[in-house]
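These are the residues of each chain, in order.
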Amino acid sequence: MTESTAFAGPKGVPDYFPPASDRFLAVRDTLLGATRLAGYGYVELPVFEETGLFARGVGESTDVVSKEMFSFTDRGGRSVTLRPEGTAGVMRTVIEHGLDRGQLPVKLAYAGQFFRAEQPQAGRYRQFHQVGVEAIGVDDPALDAEVIAIADEGFRALGLTGYRLELTSLGDATCRPAYRDKLQAFLATLPLDEATRRRAELNPLRVLDDKRPEVRELVADAPLMVDHLSDDARTHYEQVKAHLGALGVKYVENPRMVRGLDYYTKTCFEFVHDGLGSQSGIGGGGRYDGLMARLGGAELSGVGFGLGVDRALLACQAEGVGPGEPTRCDVYGVPLGEAAKARLVGLSAGLRAAGVRFDLSYGGRGLKGAMKGADRSGARYALVLGERDIEAGVVQLKELATGEQRSVPLDDAVVAVREALGR
Ligand code: HAM
């Protein structure tokens with residue numbers, strides 16, 4: 001490669017630039033806004049953590065940990081990993097800073113990049129963005145319902161309608177081991193291929209989620225977790241559904257749902273969008289009792305979600321809805337000469353302080369080029385300043401749509417611009 005060869009971005013990592021980047025930010029902020037309405041405080045997490053945190057938190061047998069982590073050795077010889085998800089990092093923060101010593105539940109929200117070395121395809125990236133929440137320390141089905149309702153509210157606030165909420169219960173420590181044995185015994189009777197048989201040994205639940213029609217047919221009569229729940233888990237599940245009903249959140253039950261992370265217990269859910277092809281999960285989450293203790297913290301329960309910002313943006317595009325206008329300015333400065341440019345640069349601080357979005361023509365372009373810049377900027381007005389205007393102490397305020405122009409005193413330009421904008 002010669003020194004002048006251009007670089008390409010890393011594989012599977014989306015670049016967001018104007019105008020799409022404005023919609024990206026608006027989608028993220030709308031999803032985050034829904035968490036604020038329910039009292040979740042923002043936590044900014046490190047982008048990398050000790051590798052062991054994810055190995056123990058997410059589970060060694062998951063694809064995320066065994067195949068998809070971006071891990072490296074730092075200069076001190078420690079193994080660190082770019083965060084593949086947010087829940088383990090939140091637990092670490094809560095434990096390390098004793099956030100669970102105050103009022104419970106601890107309610108935290110986060111947003112940012114996550115990293116998984118997956119095979120890139122439409123909607124599946126190696127660096128992607130999530131908005132997430134975790135509610136820690138109270139085992140109350142009403143809290144599961146709240147978490148689900150916030151996610152639903154966030155998607156609705158984006159204007160999305162073409163998605164469904166899938167719900168199930170994965171049971172708890174009393175009922176899941178017995179169910180797992182039962183499922184394994186059932187799978188052992190089937191004529192499965194070698195790879196599937198091995199999967200049945202490691203993670204039998206995943207066989208239930210197999211997309212191949214021939215496997216689907218074989219496992220059609222497999223025992224399901226929801227039919228083998230302990231009394232406690234069943235009551236919990238029934239109450240979550242009742243609370244969702246009261247909240248007006250619609251759901252469909254999917255007893256074959258499989259999540260890619262090991263920590264889930266009881267409630268599990270996924271938001272699935274129909275317009276995205278195979279990467280249809282726009283968000284997911286559930287309860288994870290036992291995770292905190294496994295990571296060295298107190299014996300506290302937790303429930304949360306992670307919403308995919310990139311996929312929510314794709315869903316908005318598919319439905320032709322969503323927030324976020326391209327950044328444009330209100331007023332564009334057209335200086336004719338260096339002295340005029342200096343005056344407009346001086347004026348820019350006052351205009352922006354007054355909340356006026358202002359840009360100006362840089363680089364000594366002539367009137368024609370600068371006016372072209374004004375049109376492209378999307379501004380409503382141009383402030384045109386020439387040498388004679390400076391001598392007269394005025395500036396020309398020109399409405400770009402109509403071409404109408406009038407002189408306003410240079411000293412009163414901020415007030416005049418605000419009035420013209422109707423502010
Ligand atoms: P997750 O289901 O692995 O859950 O990810 C949540 C969401 O992140 C997915 O529904 C999807 O929209 C998005 N996502 C995941 N991987 C990718 C990717 N490679 N490219 C684009 N988007 C992606 C979690 O991460 C859990 N920590 C959620 C949670 C929080 N559970 C409890 N608390």
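Each value, and the rule that gives it
Residues numbered from 1 in each chain as written. Predicted model: local features only at pLDDT ≥ 70, side-chain atom pairs only at ≥ 80, totals over all residues. Heavy atoms only, no water. UniProt positions renumbered as here; feature names shortened; annotations may be inferred. Axes fitted to C-alpha atoms, helices over the stretch in contact; angles between N-to-C directions. Helix = DSSP H or I, 4+ residues; strand = E, 2+ residues; numbered from the N terminus. Parallel < 35°, antiparallel > 145°, perpendicular 65-115°, else oblique. Left-handed = near helix turned anticlockwise from the far one by under 90°. Contact = heavy atoms within 4.5 Å. Phe/Tyr/Trp six-rings, centres within 6.5 Å; stacked < 30°, edge-to-face > 60°. Buried < 20%, exposed > 50% of the residue type's maximum accessible area, 1.4 Å probe, protein only. Lys NZ or Arg CZ within 6 Å of the ring centre and 35° of its normal.

- Per an unreviewed UniProt entry, the chain goes by Histidine--tRNA ligase and derives from Saccharothrix violaceirubra.
- UniProt, in the comment section headed Subunit (unreviewed entry), describes the chain in these words: "Homodimer."
- Reading the Catalytic activity (unreviewed entry) entry of the UniProt record for the chain gives the comment "tRNA(His) + L-histidine + ATP = L-histidyl-tRNA(His) + AMP + diphosphate + H(+)".

## Focus: the packing of helix α1 (residues 20–36) against helix α12 (residues 309–319)
Each pair of packed helices can be described by the angle between their axes along with the distance between the axes.
1) Next: With their axes 9 Å apart at the nearest point, α1 and α12 run at an angle of 110 degrees to one another. Of the possible angle classes, the one that applies to α1 and α12 is roughly perpendicular. Note that α1 runs across α12; the crossing there is right-handed. Mapping the contact onto sequence places R23, F24, V27, R28 and L31 in α1 and V309, D310, A312, L313 and C316 in α12.

## As for the packing of aromatic side chains
1) Next: The full count for this structure, using the stated rule, is nine aromatic pairs.
2) Next: Aromatic side chains Y110 and F114 sit 6.3 Å apart centroid to centroid with 65 degrees between the ring planes, which places their arrangement in the edge-to-face category.
3) Next: With relative accessibility at 0%, the residue F114 sits in the buried group.
4) Next: The interplanar angle of 65 degrees and the centroid separation of 4.8 Å between the aromatic rings of Y263 and Y264 together place this pair among those described as edge-to-face.
5) Next: For Y264, a relative accessible area of 4% corresponds to the buried category.
6) Next: Over the ring of F114 we find R83; its NZ or CZ atom is 4.4 Å from the centre of that ring.

## Brief notes about the environment of V80
1) Next: Structurally, the position occupied by V80 is in strand β4 (residues 79–82).
2) Next: On the basis of relative accessibility, which here comes to 7%, the residue V80 falls in the buried class.
3) Next: When the C-alpha positions of V80 and D181 are compared, they lie 35 Å apart, and in sequence the two are 101 residues distant.
4) Next: If near-sequence neighbours (up to four positions away) are discounted, V80 is found in contact with F48, E49, E50, T51, F70, S71, F72 and D74.

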